[in-house]
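What follows is the residue order along each chain.
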Amino acid sequence: MTQHTYYRSLRLLQLEAVVTGMIFAMPILTIFFKEEIGMSYAQIGLSQAAFTLPLLLLNIASGWIADAFSRRACNMFGDALGVVGFGIYTVATSFEQVVIAELIIGIGAAFSTGADTALMKAYAEKLNLSYARISAQTNKWRTVGEGLAVGLGGVIGAYSPRAAIALSAVTYGAGAVLSYFIVEAGERRARQGANFREEVSHAVRDMARITRYALHGHKPLMWRIIGYALSRNVTHSLIWMLTPLMVLAGVPIAVLGIGWILNLAGVWLGSHLAEKLPDEASDLRRFTIGALVFVGAAVGLSISVNLITIWLYAGFGFARGWFASTMPPIVQEQTPDDMQSTVMSVAGTVGNAIYIPLIWGFSALGDISPQWSVLGNLVLFAPLLFIVARKLRTT
């Protein structure tokens, strides 16, 4: 493969990350769930737990398949399932159908998560580029795409929520096409076995070995995985509370989409500043900055929600952008090349094991008040973030 081929594949993969992040339905999904499907906040939480369940069950296996067979094919397959899942959403009329759609989207995410970051790291190494900066750059432009999708999705969704959801299926279709045109890169995981049964047996044992190595055998990697898992969840479980928080603050319904764009501006700023970090910045510094911003925003919104303090939600956006840009490279730098997808899938599985019960619990708190969800996140995550920061300082 030539340098030009790897460079073209890197740019196509970055574009794939951008277009699959353009969820046009995002600003109207909570209202869609409540008004068109008739779901409670607790049911919304359960539907998101359904999305996470396949990630919890399949993530490690799909990551190993990507490492052993084809990261490119796994990424493409994951995007194709996203098309199917959002396609079901466009005709869903019940909570059960929403759950089915989320399960399919979750299976797709299990195959693409880990495969895409492993490919991106491999391309960066082939081109002698800083993977940390490539990761931050990708997240920054992905945020721009999200902002455009949220702005347009809010307008389109005001007239037809299902049309906004259908556009999300289209973007995943574009992602699958882009994945088709990239090339394989990175070291492959060895496969063994004289027949199918022996190969499956070896694969299961190998997955178990990698999981033990990541979560027990290599302490620096273990604590970085825990930090990655927590960083994904400190803001993710609150995303469904943005619209209710804005309504509680007195933001007019007609401009709720602008609130989402301002939140994404925080994500963009977090990614942009992460891109400017020097390569020699410590893992502790990369983790602590995002943690402090999250805690500050959560404290403010726990005290009061009004037209002034609602701007603090952008702090959650900043933390999301910062963590999304800095934490995957922190984990991957500690990971051997032939298990990149699998270890990232292990990290994702740890995060999902945390997320499934929390998204239901925090969403149920939202039935009392969206402010209670923020307070619950703060009380749970602040001590855990502090513990991880201390461990990163010593490992």
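For clarity, every value in this text was computed on a predicted model and none was experimentally measured.

Let's talk about the overall build of the protein
Counting its secondary structure elements, the protein contains 16 helices and zero strands. For a compact globule of 395 residues, the expected C-alpha radius of gyration is about 21 Å, and the protein comes in at 20 Å, within 12% of that figure. Summarising its shape, the C-alpha atoms of the protein cover approximately 60 × 50 × 40 Å along the three principal directions. Here the protein holds 395 residues, and 57% of them are scored as buried. Within the protein, counting contacts between residues at least 6 apart in sequence, those at least 24 apart form 83% of the total. Summed over its atoms, the accessible surface of the protein is roughly 15800 Å², and 68% of this surface lies on carbon and sulfur atoms. Of the side-chain charges in the protein, 28 are positive and 23 negative, and the distance between the mean point of each set is 6 Å.

Quick look at the layout of surface pockets
Within this model, the second largest pocket holds a volume of roughly 240 Å³. Taken together, 13 residues line the second largest pocket, and the ones lying closest to its centre are Met246, Gly259, Leu262, Ile310 and Trp311. For the lining of the second largest pocket, the secondary structure elements donating two or more residues are α11 (242–249), α12 (256–276) and α14 (313–332). Of the residues forming the lining of the second largest pocket, the biggest block, four residues, is contributed by α12.

Some thoughts on the packing of helix α1 (residues 3–20) against helix α7 (residues 131–159)
It is the contact of α1 with α7, at a shortest axis distance of 8 Å, that shows an interaxial angle of 40°. Taken together, α1 and α7 sit at an angle that is classed as oblique. Seen along the crossing, α1 lies across α7 with a hand that is right-handed. For the pair α1 and α7, contact is made by Leu10, Arg11, Gln14, Ala17, Val18 and Thr20 and by Ile134, Gln137, Thr138, Trp141, Arg142 and Gly145, respectively.

Some thoughts on the packing of aromatic side chains
Enumeration according to the criterion identifies 13 aromatic pairs in this entry. Consider the rings of tyrosine 6 and tyrosine 123, whose centres lie 6.3 Å apart with planes at 45°: the pair is tilted. Here tyrosine 123 lies in helix α6 (residues 115–126) and tyrosine 6 lies in helix α1, a separation of 117 residues in the sequence. In this structure tyrosine 123 comes out as buried when scored by relative accessible area, which is 0%. Feature note: the residues Phe32, Phe33, Phe86, Tyr89 and Tyr172 constitute an aromatic cluster, connected by ring pairs. A cation over a ring is seen here: arginine 72 above tyrosine 180, with NZ or CZ 5.2 Å from the ring centre.

Observations regarding empty space enclosed by the protein
Inspection of the entire model under this criterion finds two cavities of 30 Å³ or more. In this model, the second largest cavity occupies a volume close to 30 Å³. Residue lining of the second largest cavity: Ala132, Ala136, Ala274, Arg286, Ser325 and Thr326, and that is the complete set. Elements with a minimum of two residues in the lining of the second largest cavity: α7 and α14. Class assignment of the residues belonging to the lining of the second largest cavity gives a composition of three nonpolar, two polar and one charged.

Basis of the calculations
- Sequence order as written defines the numbering, with residues in each chain counted from 1.
- Per-residue local features are limited, in this predicted model, to residues with pLDDT of at least 70; the limit for side-chain atom pairs, both in listing and counting, is 80 or more; totals at the level of whole chains, interfaces and linings are taken over all residues.
- Based on all heavy atoms of the structure, the side-chain values leave hydrogens and waters out of the count.
- A run of H or I in DSSP counts as a helix once it spans at least four residues, and a run of E counts as a strand once it spans at least two, with each numbered from the N terminus.
- Restricting the calculation to C-alpha atoms gives the radius of gyration, and the globule rule supplies 2.2 Å times the number of residues raised to the power 0.38.
- Type-normalised accessible area, obtained with a 1.4 Å probe on protein chains alone, sets the label of each residue: buried when under 20%, exposed when over 50%, and partly exposed for intermediate values.
- Contact definition: two residues touch when any of their heavy atoms are within 4.5 Å.
- Areas reported here follow the Shrake-Rupley algorithm with a probe of radius 1.4 Å; residue values treat only the protein chains shown as occluding.
- Under the convention used here, Asp and Glu are negative, Lys and Arg are positive, and both His and the chain ends fall outside the count.
- The location of each charge is read from NZ of Lys, CZ of Arg, CG of Asp or CD of Glu.
- Space inside and on the surface of the protein is sampled on a 1 Å grid over the protein atoms alone, with a cavity defined as a set of points where a 1.4 Å probe fits but cannot get out and a pocket as an open set with protein on both sides within 12 Å along at least 5 of 7 lines; lining residues have an atom within 4 Å of a point.
- Grid points are joined across faces, edges and corners, and a volume is the space filled by probe spheres set on the points.
- Lines fitted to the C-alpha atoms define the axes, with helices restricted to the stretch that makes contact. Angles between their N-to-C directions range from 0 to 180 degrees.
- An angle below 35 degrees is treated as roughly parallel, one above 145 as roughly antiparallel, one from 65 to 115 as roughly perpendicular, and anything else as oblique.
- Each helix crossing is assigned a hand: it is left-handed if the near helix lies turned anticlockwise from the far helix by less than a right angle, otherwise right-handed if that turn is clockwise.
- Note on ring pairs: Phe, Tyr and Trp rings are taken, using the six-membered ring of Trp, and paired if centres are within 6.5 Å. Classes follow the plane angle, with under 30 degrees stacked, over 60 edge-to-face and the rest tilted.
- Counting as a charge over the ring demands two things of the Lys NZ or Arg CZ atom: a distance within 6 Å of the ring centre and an angle within 35 degrees of the ring normal.
- Each residue receives one of three labels: charged for Asp, Glu, Lys and Arg, nonpolar for Ala, Val, Leu, Ile, Met, Phe, Trp, Tyr, Cys and Pro, and polar for the others, Gly being one of them.

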